[in-house]
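Chain by chain, the residues:
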Amino acid sequence: MPRRKRKPTGGFGCLLGLLLGLCGLAATRLGQLWIAFDVFSHFTLQFAVVTVGFLAGLAMPRARLLAATVIIVLGLVGIGVWPHVASREPRSVGQAAAGERALKVAAFNSFWHNANADAVLAEVERLDADVIALVELGPAQRPILDVLKGRYPYQYHCLKTGFCSMALLSKLPFAEAAGRGRDGGPSFLRARLGPEAGGLTVFAVHTNRFPRFLQQFSEMKQLAALIGKAPGPHLVMGDFNATPFSRTLSVLPGAANLTRLTNLPSWPAQAGLPQLAIDHIFVSPGIRLLEAERIGEPAGSDHYPVALSIAVPLQP
């Protein structure tokens, strides 16, 4: 007797999964209507992976759900592996020209509850940035600032201010520095470097996060207004709790005329496969990228640090 052909299984499940993925992708744009829905935009890549996975599963002759699940898992792992692969070797995209100053800059949310101060210290030293913004510098980590004074003699922080556990460390002198906690506006530090760095104004930023979506969006708009008033070239970096797909993060390029230089997922770090790019570096017109973004080591944090090199025009 002829064998009966096995009917493909899992078709209905794949159809439901495909519908879920497509609905998720549609939801990523709803933040344009109401900012609370902007949370879905952060998972654009993940919804795309789910959609592709279930679509591919439907095309399989058998074991459709299993195939879709494998594809989705591989896709999510791929997102997490991507920043590690991109950071293996420095990727030079240009060289500083005459009349420019090359600067390596970095931003690191070292996590408030991180008790491994030695690991944070070692990572800051390994990154060896000319200017670094430290966010969520918890009580256990604060002694490293004194240790780092030999490498970073110019420091400004707001550790005694509520909701402003940040520090800016620089190898170059500050012409002036100021900061503010989250009361009445966004939490930020601002430091202007001297003529040897073209009078660059550096902002360290840490915004609110979901579910405080209204506050976060308001903070971004206030930051854009503050940055727009600062003289000279600008460098803005820190933990924005928003991905490149979000309406929230688009405020700075739109209202403050900044260019985002970062795309790599940097959170969460615990499993070694970060999924969301929420730590960013922005620059104003006239500043060029010299070495593409790389992630560092989490050093006990739930974030990976991000670092890159830029060319800042010197003042005539």
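Residues numbered from 1 in each chain as written. Predicted model: local features only at pLDDT ≥ 70, side-chain atom pairs only at ≥ 80, totals over all residues. Heavy atoms only, no water.

### Regarding the sheet that holds strand 5 (residues 174-180)
Through backbone hydrogen bonds, the strands of a sheet pair up, either in parallel or in antiparallel fashion. The condition that has to hold: Strand pairing is defined by DSSP finding a minimum of two bridges between the two strands. Note on conventions: DSSP H or I runs of at least 4 residues are helices, E runs of at least 2 residues are strands, and numbering of each starts at the N terminus. In what follows, residue pairs with any heavy atoms lying within 4.5 Å of each other are defined as contacts. To obtain each axis, a line is fitted to C-alpha atoms, and for helices this fit is confined to the stretch in contact; angles are then taken between N-to-C directions over 0 to 180 degrees.
In space, the six strands of this open sheet follow the order 5-6-7-8-10-9, with mixed pairing throughout. Strand pairing shows two members of the sheet lacking a second neighbour, strand 5 and strand 9 (259-260), which therefore form its edges. Inspection of the sheet shows strand 7 (residues 201-206) paired to strand 8 (residues 234-239) by six bridges, in the parallel sense. Looking across to strand 8, one finds that F203 is bridged to V236. Contacts from helix 6 (residues 213-229) reach strand 5, strand 6 (187-193), strand 7 and strand 8, with the element oriented near 170° to strand 7.

### Remarks on the pattern of salt bridges
Here is the rule we go by: Every case where a carboxyl oxygen of Asp or Glu lies within 4 Å of a side-chain nitrogen of Lys or Arg is listed as a salt bridge. Exposure is judged per residue with a 1.4 Å probe applied to protein chains only, and the accessible area is read against the type maximum: over 50% gives exposed, under 20% gives buried, and values in between give partly exposed.
For the structure on display, the rule yields six salt bridges. Among the ionic pairs, E100 bridges to R288, the shortest N-O distance being 2.7 Å. Taken together, the residues span a long stretch of sequence, with E100 in strand 1 (residues 100-109) and R288 in strand 11 (residues 288-295) at a distance of 188 residues. By relative accessible area, which is 19% here, E100 ends up buried. The shortest N-O distance in the salt bridge between K149 and D146 comes to 3.5 Å. Members of the salt-bridge network, linked through shared partners, are D128, R151 and K171.

### So, the side chain of H206
Here is the rule we go by: Polar contacts here mean pairs of N or O atoms no more than 3.5 Å apart (in protein, one a potential hydrogen donor and the other a potential acceptor; neighbouring residues in sequence count only if both atoms are side-chain atoms).
In this structure, H206 sits in strand 7. A polar atom in the side chain of H206 sits 3.4 Å from the side chain of D239. The residues contacting H206, other than those within four sequence positions of it, are N109, V135, E136, M166, R182, S187, D239 and N241.

### Observations concerning the packing of helix 2 (residues 44-58) against helix 3 (residues 64-86)
The line we're drawing: These descriptions rest on fixed angle ranges, namely under 35 degrees for roughly parallel, over 145 for roughly antiparallel, 65 to 115 for roughly perpendicular, and the rest for oblique. In a left-handed crossing the near helix is turned counterclockwise from the far helix by less than a right angle, and in a right-handed crossing that turn is clockwise.
Closest axis-to-axis distance for the helix 2/helix 3 pair is 8 Å, and the angle between their directions is 150°. By the criterion of interaxial angle, the relationship of helix 2 to helix 3 is roughly antiparallel. Considering the relative orientation of helix 2 and helix 3, their crossing is right-handed. In this structure, helix 2 contributes L45, Q46, V49, V50, G53, F54, A56, G57 and L58 to the contact, and helix 3 contributes R64, L65, A68, I71, I72, G75, L76, I79 and W82.

### Quick notes on empty space enclosed by the protein
Note the following rule: Points on a 1 Å grid, built from protein atoms alone, make a cavity when a 1.4 Å probe fits but cannot get out and make a pocket when they are open with protein on both sides within 12 Å along at least 5 of 7 lines; residues with an atom within 4 Å of a point are the lining residues. Grid points are joined across faces, edges and corners, and a volume is the space filled by probe spheres set on the points. Residues were grouped as follows: Ala, Val, Leu, Ile, Met, Phe, Trp, Tyr, Cys and Pro as nonpolar; Asp, Glu, Lys and Arg as charged; and all remaining residues, including Gly, as polar.
What the rule picks out here adds up to one cavity of 30 Å³ or more. Size it by volume and the largest cavity reaches roughly 50 Å³. Lining the largest cavity, in full, are I35, A36, D38, V39, H42, F210, F213, Q216 and T248. Among the residues making up the lining of the largest cavity, the classes are represented as five nonpolar, three polar and one charged.

### Overview of the packing of aromatic side chains
Spelled out, the test is: Between the rings of Phe, Tyr and Trp (Trp by its six-membered ring), a pair exists once the centres lie within 6.5 Å; its type follows the angle of the planes, with under 30 degrees stacked, over 60 edge-to-face, and the other angles tilted.
One pass over the structure, following the stated rule, counts six aromatic pairs. For the pair W34 and F37, a centre-to-centre distance of 5.3 Å together with 90° between the ring planes defines the contact as edge-to-face. Between the aromatic rings of W34 and F213, the centroid separation amounts to 5.9 Å while the plane-to-plane angle is 80°, which identifies the pairing as edge-to-face. Within this pair, whereas W34 is found in the loop between helix 1 (11-27) and helix 2, its partner F213 is found in helix 6, the two being separated by 179 residues in sequence. Residue classification places W34 among the partly exposed residues on the basis of a relative accessible area of 46%. One aromatic cluster is present, built from ring pairs that chain together W34, F37, F40, F210 and F213.

### Re helix 6
Stated formally: Expected span of a helix: the number of residues minus one, times 1.5 Å.
Between the first and last C-alpha of helix 6 there are 25 Å, a value that for 17 residues agrees with the 24 Å anticipated at 1.5 Å per step. Residues of helix 6 that are buried sit in contact with strand 6, strand 7, strand 8 and helix 7 (251-255).

### Here we look at the state of the cysteines
Basically, it comes down to this: In this description, the term disulfide denotes a pair of cysteine sulfurs within 2.5 Å.
Applying the stated criterion across every chain yields a total of one disulfide. With no disulfide of its own, C14 has C23 as its nearest cysteine by sulfur position, at a separation of 16 Å. When its relative accessible area of 0% is taken as the criterion, C14 is described as buried.

### A look at the layout of surface pockets
Here the largest pocket defines a volume of roughly 850 Å³. Along the walls of the largest pocket sit 33 residues, with E136, H206, T207, R209 and N241 positioned nearest its centre. Tallied by class, residues from the lining of the largest pocket come to 12 nonpolar, 13 polar and eight charged. Estimates place the volume of the second largest pocket at around 190 Å³. What lines the second largest pocket is a set of 13 residues, among which R126, L127, R294, I295 and G296 lie closest to the centre. Sorting the residues of the lining of the second largest pocket by element identifies helix 4 (117-127), strand 11 and strand 12 (306-313) as the ones contributing at least two each. Tallying contributions element by element places strand 11 first for the lining of the second largest pocket, with four residues. Its residues assigned to classes, the lining of the second largest pocket comprises five nonpolar, three polar and five charged.

None of this, on its own, says anything about what the molecule does.
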